[in-house]
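# Structure at a glance
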Amino acid sequence: MAALPDARLPGRAPAAILRGMAESIRIAINGEQRAIGAGATVALLLVELGLDTRKVAVERNEAIVPRSTWQAAPLADGDRLEIVHFIGGG
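Residues numbered from 1 in each chain as written. Predicted model: local features only at pLDDT ≥ 70, side-chain atom pairs only at ≥ 80, totals over all residues. Heavy atoms only, no water.

### A few points about the pairing of strand E3 (residues 56-60)
The pairing of E3 with strand E5 (residues 80-85) spans five bridges and is antiparallel. Its bridge partner being in E5, Arg 60 is matched across the sheet by Leu 81. Here E3 pairs with strand E4 (residues 63-64) via two bridges, running antiparallel. Bridging from a neighbouring strand, Arg 60 pairs with Ala 63 of E4. Between E3 and the antiparallel strand that follows it, E4, lie two residues; Asn 61 among them carries a positive phi value of about 50 degrees. (Pairing = 2+ DSSP bridges. Helix = DSSP H or I, 4+ residues; strand = E, 2+ residues; numbered from the N terminus.)

Structure, rendered in structure tokens:
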């Protein structure tokens, strides 16, 4: 998995700041519980996880989250995410 070169998204706080926010929410990522800063979006979560956003698909609460909405898709307490990372082969 390749990390993105910059942990910032336009108009958003770096993911590390979101982890340190006083308010946090609990979500499940591929079945594992995780605390993240309140106000985090799908896009910020993917940056924090170091995932190459060109090679992942995200499902939230059993519904696919379109890539075009990741920056505006807020995460909420209790959300269940499944993140699939595609790996090419030959």
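Now, onward.
### Here we look at helix H2 (residues 42-49)
Among the eight residues in H2, seven count as buried, and that is most of the element. Inspection of H2 places Val 42, Ala 43, Leu 44, Leu 45, Leu 46, Val 47 and Glu 48 among the buried residues, and these make up the whole buried set. Looking one or two residues beyond H2, the residue adopting positive phi is Gly 50, at roughly 75 degrees. (Buried < 20%, exposed > 50% of the residue type's maximum accessible area, 1.4 Å probe, protein only.)

### Section: the sheet that holds E5
Taken in spatial order, the five strands line up as E2-E1-E5-E3-E4 in an open sheet, and their pairing is mixed. Either end of the sheet is taken by a strand with one partner, and the two such strands are strand E2 (32-37) and E4.

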